[in-house]
Amino acid sequence: QVQLVESGGGLVQAGGSLRLSCAASGGTFSRYVMGWFRQAPGKEREFVAAIGWSGGTTYSTDSVKGRFTISRDNAKEMVFLQIISLKSDDTAVYYCAATTTWGRVSSAYDYWGQGTQVTVSS
């Protein structure tokens, strides 16, 4: 069983930056593709970004390209989401997730964290 715990969210002014972190335990971290999703009030959970086993392959959705960067540190069993130039539309609960295969939809992921709230003020 894999456990994932997100941190780093908070209240930030538009144009600001945040780094979200996700700590993993209970599995072999390097065997998992890791993803970030977000869910705004009243909306479906949305794919944000994913990163392959060693960090050499990444993908992010069009709405965040150029502002969001996903990375991982397998030695520390952590995955990160660096966010710059935050916009009000980025307000959501952000979740990290793990899968044994590549995926850009929530159904592809087997394990989920509890989420961390990002609120962007303007």
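Preceding block: the structure.
Quick summary incoming for the structure in this document.

Definitions and cut-offs
- Residues numbered from 1 in each chain as written.
- Predicted model: local features only at pLDDT ≥ 70, side-chain atom pairs only at ≥ 80, totals over all residues.
- Heavy atoms only, no water.
- Pairing = 2+ DSSP bridges.
- Helix = DSSP H or I, 4+ residues; strand = E, 2+ residues; numbered from the N terminus.
- Axes fitted to C-alpha atoms, helices over the stretch in contact; angles between N-to-C directions.
- Phe/Tyr/Trp six-rings, centres within 6.5 Å; stacked < 30°, edge-to-face > 60°.
- Buried < 20%, exposed > 50% of the residue type's maximum accessible area, 1.4 Å probe, protein only.
- Lys, Arg positive; Asp, Glu negative; His and termini not counted.
- Salt bridge = Lys/Arg side-chain N within 4 Å of Asp/Glu carboxyl O.
- Polar contact = N/O pair within 3.5 Å; in protein donor to acceptor, adjacent residues only side chain to side chain.
- Contact = heavy atoms within 4.5 Å.
- Disulfide = S-S within 2.5 Å.
- 1 Å grid on protein atoms, 1.4 Å probe; cavity = no way out; pocket = protein on both sides within 12 Å on 5 of 7 lines; lining within 4 Å.
- Points joined across faces, edges and corners; volume = space filled by probe spheres on them.
- Nonpolar A, V, L, I, M, F, W, Y, C, P; charged D, E, K, R; others polar.

### Overview of the sheet that holds strand β8 (residues 78-83)
Argument step 1. Taken in spatial order, the four strands line up as β1-β3-β8-β7 in an open sheet, and their pairing is antiparallel. Whereas interior strands pair on both sides, the edge strands pair on one side only; in this sheet they are β1 (3-7) and β7 (68-73). Strand-to-strand twist in this sheet, taken as the mean axis angle between neighbours without regard to direction, amounts to 15°.
Argument step 2. Pairing geometry for β7 and β8, over six bridges, is antiparallel. Among the inter-strand pairings, Ile-70 is bridged to a residue of β8, identified as Leu-81.

### Observations regarding the packing of aromatic side chains
Here a ring pair, both rings aromatic, is described through the centre-centre distance and the interplanar angle of the planes.
Argument step 1. Evaluation of the coordinates by the stated rule reveals seven aromatic pairs.
Argument step 2. With a centroid separation of 5.0 Å and an interplanar angle of 55°, the aromatic rings of Phe-37 and Trp-112 are classed as tilted. Highlighted residues: Phe-37 in strand β4 (residues 33-39) and Trp-112 in strand β10 (residues 111-112), separated in sequence by 75 residues.
Argument step 3. An aromatic cluster is defined as three or more aromatic residues linked by ring pairs; in this entry it consists of Phe-37, Phe-47, Tyr-59, Tyr-109 and Trp-112.

### A closer look at the side chain of Glu-6
Argument step 1. Among the secondary structure elements, Glu-6 is positioned in strand β1.
Argument step 2. For the buried Glu-6, no salt bridge is present, and the opposite-charge side chain at shortest range is Arg-45, 7.7 Å distant.
Argument step 3. A polar contact of 2.9 Å, which involves the side chain of Glu-6, links it to the backbone nitrogen of Gln-114.
Argument step 4. A polar contact is formed between the side chain of Glu-6 and the backbone nitrogen of Gly-115, at a distance of 2.8 Å.
Argument step 5. In contact with Glu-6, other than residues within four places in its own chain, are Ser-21, Cys-22, Trp-36, Tyr-94, Tyr-95, Cys-96, Gly-113, Gln-114, Gly-115 and Thr-116.

### A word on the state of the cysteines
Argument step 1. A full pass over the atoms with the stated rule returns one disulfide.
Argument step 2. One disulfide bridge connects Cys-22 with Cys-96, the sulfur atoms lying 1.9 Å from each other. As the torsion about the S-S bond is roughly 50°, the Cys-22-Cys-96 disulfide counts as right-handed. One end of the pair, Cys-22, is in strand β3 (residues 18-25); the other, Cys-96, is in strand β9 (residues 92-99), with 74 residues separating them in the sequence.

### Let's talk about the environment of Thr-91
Argument step 1. Looking at where Thr-91 falls in the secondary structure, it is placed in the loop between β8 and β9.
Argument step 2. A sequence separation of 29 residues divides Thr-91 from Val-120, and the C-alpha atoms of the two residues are 5.5 Å apart.
Argument step 3. Setting aside chain neighbours within four positions, we find Thr-91 in contact with Ala-40, Gln-117, Val-118, Thr-119 and Val-120.
Argument step 4. Looking at Thr-91, its side chain comes within polar contact range of the main-chain oxygen of Ser-88, at 3.1 Å.

### Some words on empty space enclosed by the protein
Argument step 1. Evaluation of the coordinates by the stated rule reveals one cavity of 30 Å³ or more.
Argument step 2. Residue classes in the lining of the largest cavity are distributed as seven nonpolar, three polar and no charged.

### So, the side chain of Thr-99
Argument step 1. Within the secondary structure, Thr-99 sits in strand β9.
Argument step 2. Thr-99 gets classed as buried once you look at its relative accessible area, which sits at 0%.
Argument step 3. From its side chain, Thr-99 meets the backbone oxygen of Thr-101 in a polar contact 3.1 Å long.
Argument step 4. Not counting residues up to four positions away in its chain, the partners in contact with Thr-99 are Arg-31, Tyr-32, Val-33, Ala-108, Tyr-109 and Asp-110.

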